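Geometric and topological summary
So the chains spell out like this:
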Amino acid sequence: AKTLRFVLGDQLNRRVSSLVDLDDGDVVLIVEVMAEATYVRHHKQKIAFLFSAMRHFAVELEAEGIAVDYVRLDDPGNTGSFTGELERAAARHAPTRVVVTEPGEWRVWAMMQDWRDDLAVPVEIRDDNRFLCPRREFADWAGDRRALRMETFYRGMRRRTGLLMDGKEPVGGQWNFDADNRKKLPKNHAVPNRLRFAPDATTREVFALVERHFAGHFGDLDGFGWPVTRGEALDALKHFIADGLPTFGDYQDAMKAGAPFLYHALISPPLNAGLLTAEEVCRAAERAYREGAAPLHCAEGFIRQILGWREYVRGLYWARMPAYAETNALDATRDLPWFYWSGETEMNCLAQVVSETRAHAYAHHIQRLMVTGNFALLAGLAPAQVEEWYLVVFADAYEWVELPNVHGMVLWADGGVMGSKPYAASGAYINRMSDYCGACRYDVAKKAGPDACPFNYLYWNFLMANADRLEGNPRLAMPYRSLAKMTPARKAEIASDAASFLDGLSADAPSASRAIP
Ligand code: FAD
Ligand code: DLZ
Ligand code: SF4
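Throughout, a residue's number is its position along its own chain's written sequence, starting from 1. Think of it this way: whatever chain is written first is A, whatever ligand is written first is 1, and the rest follow in order. Totals for whole chains, interfaces and linings use every residue, but because this is a predicted model, local features are given only for residues with pLDDT of at least 70 and side-chain atom pairs only at 80 or more, for both listing and counting.

1. Comments concerning the site of ligand 1
Convention followed: To decide whether a residue is near a molecule or strand, its C-beta atom is placed from the backbone and checked for lying within 6 Å of it. Elements are defined by DSSP. Helices are runs of H or I of four residues or more, strands are runs of E of two residues or more, and each kind is numbered from the N terminus. Only Asp, Glu, Lys and Arg are considered charged, only Ala, Val, Leu, Ile, Met, Phe, Trp, Tyr, Cys and Pro nonpolar, and every remaining residue, Gly among them, polar. Where each domain starts and ends follows an automatic or database-derived domain assignment.
Around ligand 1, the structure places 27 residues, and the nearest of them are H264, A265, Q305, R310 and A397. When residues of the shell around ligand 1 are traced back to their parent elements, those giving at least two are helix 9 (268-273), helix 11 (296-320), helix 14 (365-378) and helix 16 (399-410). The dominant element in the shell around ligand 1, judged by the number of residues it contributes, is helix 16, at 6 residues. Tallied by class, the residues present in the shell around ligand 1 amount to 15 nonpolar, 8 polar and 4 charged. When residues of the shell around ligand 1 are assigned to domains, at least three map to each of domain 2 (135-199 + 230-320) and domain 3 (339-514).

Okay, here's the thing in structure tokens:
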């Protein structure tokens, strides 16, 4: 009996559930298909990273003596879709069954249901063992409650995995050390060089393919430095644990022009593609703490991102999709401004983050949340357009992780399922956590007029415009009290500054030749 084992591009792990019982005579199918490369116009580095990692993974399986049927994008007859390629492979190999691991995205899950109905052979869809919390368990925990909270889920996951636990108690007597994790970088702080990986022959071959087929996509390939094999991904992890983790917590929220990586792990692309597992990453951080190589607030802060946030958004996505994507709780409808693609804006923080994103297919959490995200929230940008942007521009973006973060955490388009309040902030936050404002044409200290930092009046304008929906939120009681004390003239000034700024935004490229999206 021959089994055809279909491994998707983000399931590149030898221990993924679809490969655990691999037998002699089985064939592993891996396919490069146009539909996956274009369902959104992914950043060039995202396609290059994934195709290179897929090709390397195939070679590693073959080195183990496993039969791999690898379909390249340019292969004659490539139908361009998962379904088409699975049908062709089933005809080529005449297997007795097909085994797959459930996908990361709802879109592909829907396709898989059709495979079960339409393929001539049985299709077995297995649980995704790349995550620590199975979909079903999260759904049981979430039940039909409207609002979910990460912190409760995270404590459950700590207990369940024993990570950073002393018996029944959290190590250090506290679940959360966030209060220690909000430092600004000292002025002359030297940020260390981060381990990056020079493109090898396989990656360079893929670059040529990407430039041939996806030349118009957003992003540069020059800055590519992602690990594309399991070995490189383990090196990246080791480097982070030794050189990044001991400082990770302190400067987790800091931003510095020209220093996109700071002390972040830079592991989300390999982690989301299966080259690393969440479990081994968390265990490595815990070991560093237990061996005295990293302080507790850093190890805990890092583990919370993965064991907490990452598992939580993934569980929430599956428990609430497909309806989750459809809501627009704040009725936001403005088109995404063109500068999200071009970086051409006088707001220095936004210009910096967009240009770093173009160069690296990466921005760290606070840049995503408090710069591009905060602007999208305050300017009332249409959720679907913002979500597409986030799915396009980052090498680590898949809908299961992008959507809850953008739709829920950033835009509050879910009306509070994911987080208790919108993360709205004025320019003071960005000024406190970064060095962007000094070089900006706007004045972060000014509240009104053409030179004022737009975040300042957009913040109050957002609160005024959404008062009917947000005023009763206890976590926003303080700003609404301040708003209540403002004179009608001051409120009118805010509304007028915001309107003239927002009217000046353009969703169009200045010239048609630069059509990125
Ligand atoms: P570090 O800062 O070193 O954190 C370590 C790990 O924690 C990350 O690799 C990631 O696996 C996990 N993590 C941290 N925060 C989150 C979070 N909020 N949700 C899920 N996992 C988290 N992450 C993605 O992997 N893909 C996305 O498409 C994505 N979109 C985002 C969109 C927005 C608006 C925001 C605010 C966050 C988004 N994140 C996304 C989460 C986070 O920004 C990235 O995981 C992180 O920047 C990746 O870089 P790193 O590996 O250096 O992370
Ligand atoms: C993102 C992506 C891209 C760009 N290309 C492929 C591909 O050619 N073949 C493949 O198997 N997977 C690709 N992927 C990842 C898939 O989109 C991903 O597996 C689904 O979105 C489910 O998470
Ligand atoms: Fe951004 Fe305002 Fe600071 Fe300029 S002044 S960098 S727009 S926060």
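From this point, the discussion proceeds with the structure in view.
2. Brief notes about the environment of Y317
Selection criterion: Contact between residues is assigned whenever the C-beta positions, reconstructed from backbone atoms, fall within 7 Å.
Along the chain, the position of Y317 falls in helix 11. Not counting the four nearest positions on each side in its chain, Y317 is found in contact with Y324, W400, L403 and P404.

3. Description of the domain arrangement of the chain
According to the domain assignment, the chain consists of domain 1 (3-126), domain 2 (135-199 + 230-320) and domain 3 (339-514). Computed over C-alpha atoms, the centres of domain 1 and domain 2 are 29 Å apart. Taken together, the 9 residues of domain 1 in the interface contact 6 residues of domain 2. Considered class by class, the residues forming the side of domain 1 that touches domain 2 number 5 nonpolar, 3 polar and 1 charged.

4. Details of the site of ligand 3
Neighbouring ligand 3 are 14 residues; M347, C349, C437, C440 and C453 lie closest to it. Along the lines of polarity and charge, the residues of the shell around ligand 3 split into 11 nonpolar, 3 polar and no charged.

5. A closer look at the nonpolar core
The criterion, for reference: The nonpolar core is taken to be a set of buried Ala, Val, Leu, Ile, Met, Phe, Trp, Tyr and Cys residues joined by way of C-beta atoms within 7 Å. The burial label depends on the number of other C-beta atoms within 10 Å of a residue's C-beta. Counts of 20 or more mean buried, 12 or fewer mean exposed, and intermediate counts mean partly exposed, with C-beta atoms placed from the backbone.
Counting 142 residues, the largest nonpolar core has L245, A285 and A299 as its most contacted members. Among the elements that take part in this core, helix 11 stands out by supplying 11 residues, more than any other. Not counting chain neighbours up to four residues away, the residues in contact with L245 comprise F240, A285, A288, A294, C298, A299 and F302.

6. Quick notes on the packing of helix 13 (residues 348-360) against helix 14
The condition is simple: Here, axes are lines fitted to C-alpha atoms. For helices the fit covers the stretch in contact, and angles between N-to-C directions go from 0 to 180 degrees. Throughout this description, any angle smaller than 35 degrees is read as roughly parallel, any larger than 145 degrees as roughly antiparallel, any in the 65 to 115 degree range as roughly perpendicular, and the remainder as oblique. Take the far helix as the reference: if the near one is turned anticlockwise from it by less than a right angle, the crossing is left-handed, and if turned clockwise, right-handed.
Look at helix 13 against helix 14: their axes get within 10 Å of each other, and the N-to-C directions meet at 120°. Taken together, the axes of helix 13 and helix 14 are oblique relative to one another. In terms of crossing hand, the pair formed by helix 13 and helix 14 is left-handed. Contact residues: C349, L350 and V353 in helix 13; Q367, V371, T372 and F375 in helix 14. By residue class, the composition of the contact of helix 13 with helix 14 is 5 nonpolar, 2 polar and no charged.

7. A short note on helix 10 (residues 278-290)
To keep it simple, the criterion reads: Take the number of residues in a helix, subtract one, and multiply by 1.5 Å to get its expected span. Note that the arc is computed from the directions linking the helix axis to the C-beta atoms.
Compared with the 18 Å implied by 1.5 Å per residue over 13 residues, the 18 Å span of helix 10 between its first and last C-alpha is a close match. Every buried residue of helix 10 is listed here: A278, V281, C282, A285, E286, A288 and Y289. Buried residues along helix 10 cover an arc of 155° about the axis, so they all sit on one side. Of the surrounding secondary structure, the elements contacted by the buried residues of helix 10 are helix 8 (230-248), helix 9 and helix 11. In the segment just after helix 10, G292 is the residue with positive phi, at about 80°.

8. Brief notes about the packing of helix 11 against helix 16
Their axes nearest at 8 Å, the elements helix 11 and helix 16 cross at an angle of 95°. Regarding the angle of helix 11 to helix 16, the classification is roughly perpendicular. Residue-level contacts link R310, V313, R314, L316 and Y317 of helix 11 to W400, V401, L403, P404 and N405 of helix 16. A class-by-class count of the residues in the contact of helix 11 with helix 16 yields 7 nonpolar, 1 polar and 2 charged.

9. Quick notes on the pairing of strand 5 (residues 123-126)
Counted only if it meets this: Pairing between strands is defined by DSSP: at least two bridges between them are needed. When the strands point away from the viewer and the connection leading from the first strand across the helix to the second strand turns clockwise, the crossover is called right-handed.
For strand 4 (residues 97-101) and strand 5, the ladder comprises 4 bridges, and the chain directions are parallel. What sits directly across from V100, in strand 5, is I125. For the crossover that starts at strand 4, traverses helix 4 (residues 106-118) and ends in the parallel strand 5, the hand is right-handed.

10. A few points about unusual backbone geometry
Among all residues except glycine, the phi angle is most often negative; among peptide bonds, the trans geometry is most common. A cis amide bond links M321 with the next residue in sequence, P322, at an omega value of 5°. Residue placement: P322 occurs in the loop between helix 11 and helix 12 (339-342). One non-glycine residue with positive phi stands out, namely A94, at about 45°. Counting through the fold element by element, A94 comes out in the loop between helix 3 (82-93) and strand 4. At A361, a residue that is not glycine, the phi angle is positive and equals roughly 55°. Structurally, the position occupied by A361 is in the loop between helix 13 and helix 14. Residue class for A361 comes out buried when judged on the 29 C-beta atoms lying within 10 Å of it.

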